[in-house]
Amino acid sequence: MKEIRIFVPASVANVSCGFDVLGFCLAPVGDEMVIRKSSEPGIRITKIEGQDLPMEVDNNVAGVAAKALLEAYETAVGFEIEIYKHIKPGSGIGSSAASAAGAVYGINKLLGEPFDPKSLIRFAMQGEKLASGSPHADNVAPVLLGGFTLVRCSDGPDVIKLPVPDELVATVVHPKIELKTAHARSVLKQQISLKDAISQWGNLAGLVSGLYENDYDRISRCLVDKIVEPSRALLIPAFSELKEAAAEVGALGCGISGSGPSVYALSRGMTTAEEVAQKFSEVLSGIDISFETHISPINTVGIRILEEK
Ligand code: HSE
């Protein structure tokens, strides 16, 4: 195989109580990437369409992630990368994660899969570090493994793929303002109370157990964030109205998608997810802000191969 074209999905990180550790993968929205073997050793970004992003390898999240993989591979090989962006940077649904994860996934395939999917996470994290200053894995892990993932520890990293209850459907709304992850991280408190920590780890453990036991009521009770959401909510237009609207039509829970400004809700079943989307549009139309909405079951596959040559 000399060339691979892939679809790389968007993702929702944090999932309320799981700041920097939980994430899930979406189905309908994502980038396309083409990775091609080259006789010239090293990485080159040869095309970017859809967004104005740096072509220089060391300033591009895909380039940096790809270089990290090649360093670990320790043999002189070369690749060209084309990126067709559909996920807007600064939207909160894992734009940088998609580029970084897609690059390492494609190169690994063309090399005959010397690395298993979990080992690719640490390379993709280097792209996240370039994008936000922090090498978190909560977006790249679900993109590379599919489904819902838990980053138990980012050293290594130690990542666990979680089960996905069949009827879980996500609604994501992107109010069209750009919010950089680095900024959304800079507003966070560096110290938290023991009371809030206890509440958060109770909810995180409860949510994980709810996923294992298909317990939608428990999942709903646990989609709470006492620590990060209060600081970031102020950066998102009509956040509390969006949350109230999702609750009104029976969503299991609603919170900030990644570092925002996108807002996600999880529902049991498509009908409720569609009602949430309708409510989200009413709220944002009411304050005259443009937005985009996605409704998606949890994508348990992750990256999809579109063409191989
Ligand atoms: N966990 C990260 C954050 C996800 O919330 O800052 C955004 O990339």
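Residues numbered from 1 in each chain as written. Predicted model: local features only at pLDDT ≥ 70, side-chain atom pairs only at ≥ 80, totals over all residues. Heavy atoms only, no water.

Asker: Teacher, can you tell me more about the packing of helix H1 (residues 61-73) against helix H2 (residues 95-110) here?
Answerer: When two helices pack together, their arrangement is captured by the angle between the axes and the distance separating the axes. The contact between H1 and H2 brings their axes to 8 Å, and the two run at 35 degrees. Helix-helix and strand crossings are classified by hand; for H1 and H2 the assignment is right-handed. Mapping the contact onto sequence places Val61, Ala62, Ala65, Ala66, Leu69 and Leu70 in H1 and Ser96, Ser99, Ala100, Ala103, Val104, Ile107 and Asn108 in H2. Its residues placed into classes, the contact of H1 with H2 shows 10 nonpolar, three polar and no charged. (Axes fitted to C-alpha atoms, helices over the stretch in contact; angles between N-to-C directions. Helix = DSSP H or I, 4+ residues; strand = E, 2+ residues; numbered from the N terminus. Left-handed = near helix turned anticlockwise from the far one by under 90°. Contact = heavy atoms within 4.5 Å. Nonpolar A, V, L, I, M, F, W, Y, C, P; charged D, E, K, R; others polar.)

Asker: Help me understand the site of the ligand in this model?
Answerer: Surveying the vicinity of the ligand reveals the residues Ala13, Asn14, Phe19, Asp20, His136, Asp138, Asn139, Thr181, Arg185, Arg232, Gly258 and Ser259. Contact between the ligand and Asn139: an oxygen atom at 3.4 Å from a side-chain N or O atom of the residue. Arg232 is positioned with one of its side-chain polar atoms (N or O) 2.7 Å from an oxygen atom of the ligand. Relative to its unbound accessible surface of 260 Å², the ligand loses 95% to contact with the protein. For the shell around the ligand, a count of residues per class yields two nonpolar, six polar and four charged. When residues of the shell around the ligand are sorted by domain, at least three fall in each of domain 1 (3-162 + 299-308) and domain 2 (168-297). (Near = heavy atom within 4 Å. Polar contact = N/O pair within 3.5 Å; in protein donor to acceptor, adjacent residues only side chain to side chain. Areas by Shrake-Rupley, 256 points an atom, 1.4 Å probe, with all protein chains shown as cover. Domains from an automatic or database assignment.)

Asker: What is the right way to read the packing of helix H9 (residues 239-248) against helix H10 (residues 270-286) from this model?
Answerer: Closest axis-to-axis distance for the H9/H10 pair is 9 Å, and the angle between their directions is 150 degrees. Taken as axis vectors, H9 and H10 run roughly antiparallel relative to one another. For the pair H9 and H10, the crossing hand works out as right-handed. Between H9 and H10, the contacting residues are Glu241, Leu242, Ala245, Ala246 and Glu248 on the first element and Val276, Lys279, Phe280, Val283 and Leu284 on the second. A breakdown of the residues in the contact of H9 with H10 according to their chemical character gives seven nonpolar, no polar and three charged. (Parallel < 35°, antiparallel > 145°, perpendicular 65-115°, else oblique.)

Asker: Just checking my understanding: could you explain unusual backbone geometry for this structure?
Answerer: Trans is the common state for peptide bonds, and a negative phi is the common state for residues other than glycine. Omega for the bond connecting Gly156 with Pro157 falls within 30 degrees of zero, at -15 degrees, which places this linkage in the cis form. Mapped onto the elements of the fold, Pro157 is located in the loop between strand S5 (148-153) and strand S6 (158-162). Omega for the peptide link from Gly260 to Pro261 comes to 5 degrees, which places this bond in the cis form. By the element assignment, Pro261 lies in the loop between strand S8 (253-256) and strand S9 (263-268). The phi dihedral of Val15 falls on the positive side, at around 50 degrees, and the residue is not glycine. With respect to the helices, strands and loops of the structure, Val15 is situated in the loop between strand S1 (3-13) and strand S2 (22-38). The class of Val15 is buried, set by a relative accessible area of 0%. (Buried < 20%, exposed > 50% of the residue type's maximum accessible area, 1.4 Å probe, protein only.)

Asker: Help me out: how do you make sense of the side chain of Asn108 in this one?
Answerer: As for its placement among the helices and strands, Asn108 is situated in helix H2. Setting aside residues up to four positions removed in sequence, Asn108 forms contacts with Leu69, Glu113, Pro114, Phe115 and Leu120.

Asker: Before we go on, may I ask you to explain the environment of Ala68 in this structure?
Answerer: For Ala68, the location among the structural elements is in helix H1. Relative accessible area serves as the criterion here: at 17%, Ala68 is assigned to the buried category. Expressed as a C-alpha distance, the spacing of Ala68 and Lys109, which sit 41 residues apart in the sequence, is 16 Å.

Asker: Even after reading the chapter, I still don't get the domain arrangement of the chain, so can you show me in this structure?
Answerer: By a widespread convention, an interface's size corresponds to the accessible area lost as its parts come together. In terms of domain boundaries, the chain breaks down into domain 1 (3-162 + 299-308) and domain 2 (168-297). On the domain 2 side, the residues contacting the 32 residues of domain 1 number 40 residues. Here domain 1 packs against domain 2, burying approximately 2400 Å² in sum over the two surfaces, 67% of which is carbon and sulfur. The largest share of the area that domain 1 buries against domain 2 comes from Ser16, Cys17 and Phe19, three residues that together contribute 26% of it. At the junction of domain 1 with domain 2, the criterion picks out one salt bridge. (Buried area = accessible area lost by both parts, 1.4 Å probe. Salt bridge = Lys/Arg side-chain N within 4 Å of Asp/Glu carboxyl O.)

Asker: Got a minute to help me understand H2 in this structure?
Answerer: Note that an α-helix has 3.6 residues per turn; residues three or four places apart therefore point the same way. End to end, H2 covers 23 Å across 16 residues, agreeing with the expected 22 Å (1.5 Å per residue, within 8%). For H2, a buried count of 14 out of 16 residues is recorded, marking the element as mostly surrounded by other parts of the structure. Residue Gly112 follows H2 closely and has a positive phi angle near 85 degrees. (Expected span 1.5 Å × (residues − 1).)

Asker: When you look at the pairing of strand S3 (residues 42-49) in this model, what are you seeing that I'm missing?
Answerer: Consecutive side chains along a regular strand alternate between the two faces of the sheet. Bridging between S3 and strand S4 (residues 78-84) involves seven bridges; their strand directions are parallel. Bridging from a neighbouring strand, Gly42 pairs with Gly78 of S4. The parallel pair S3 and S4, bridged by H1, forms a crossover whose chirality is left-handed. (Pairing = 2+ DSSP bridges. Right-handed = clockwise from strand over helix to strand, strands pointing away.)

Asker: When you look at a nonpolar patch on the surface in this model, what are you seeing that I'm missing?
Answerer: A cluster of nonpolar side chains, namely Leu194, Ile198 and Trp201, defines an oily patch on the protein surface of about 360 Å² accessible area. With respect to the element layout, Ile198 can be found in helix H6 (residues 194-212). Among the residues examined, Ile198 registers a relative accessible area of 45% and is labelled partly exposed. (Patch = residues over 30% accessible without salt bridge, like charges linked within 9 Å, V, L, I, M, F, W, Y side chains within 5 Å.)

Asker: Could you clarify how one ought to interpret the pattern of salt bridges in this entry?
Answerer: Note that side chains of opposite charge can pair when their charged atoms are close. Counted under the stated rule, the structure contains 20 salt bridges. Residue Arg185 is joined to Asp20 by a salt bridge in which the shortest nitrogen-to-oxygen separation is 2.7 Å. On the criterion of sequence distance, the pair formed by Arg185 in helix H5 (residues 181-186) and Asp20 in the loop between S1 and S2 is long-range, its members being 165 residues apart. Among the ionic pairs, Lys279 bridges to Glu282, the shortest N-O distance being 4.0 Å. Of this pair, Lys279 and Glu282 both sit in helix H10, three residues apart, which is roughly one turn of that helix. Several salt bridges converge on common partners, so that one network encompasses Glu3, Arg36, Glu80, Glu82 and Lys309.

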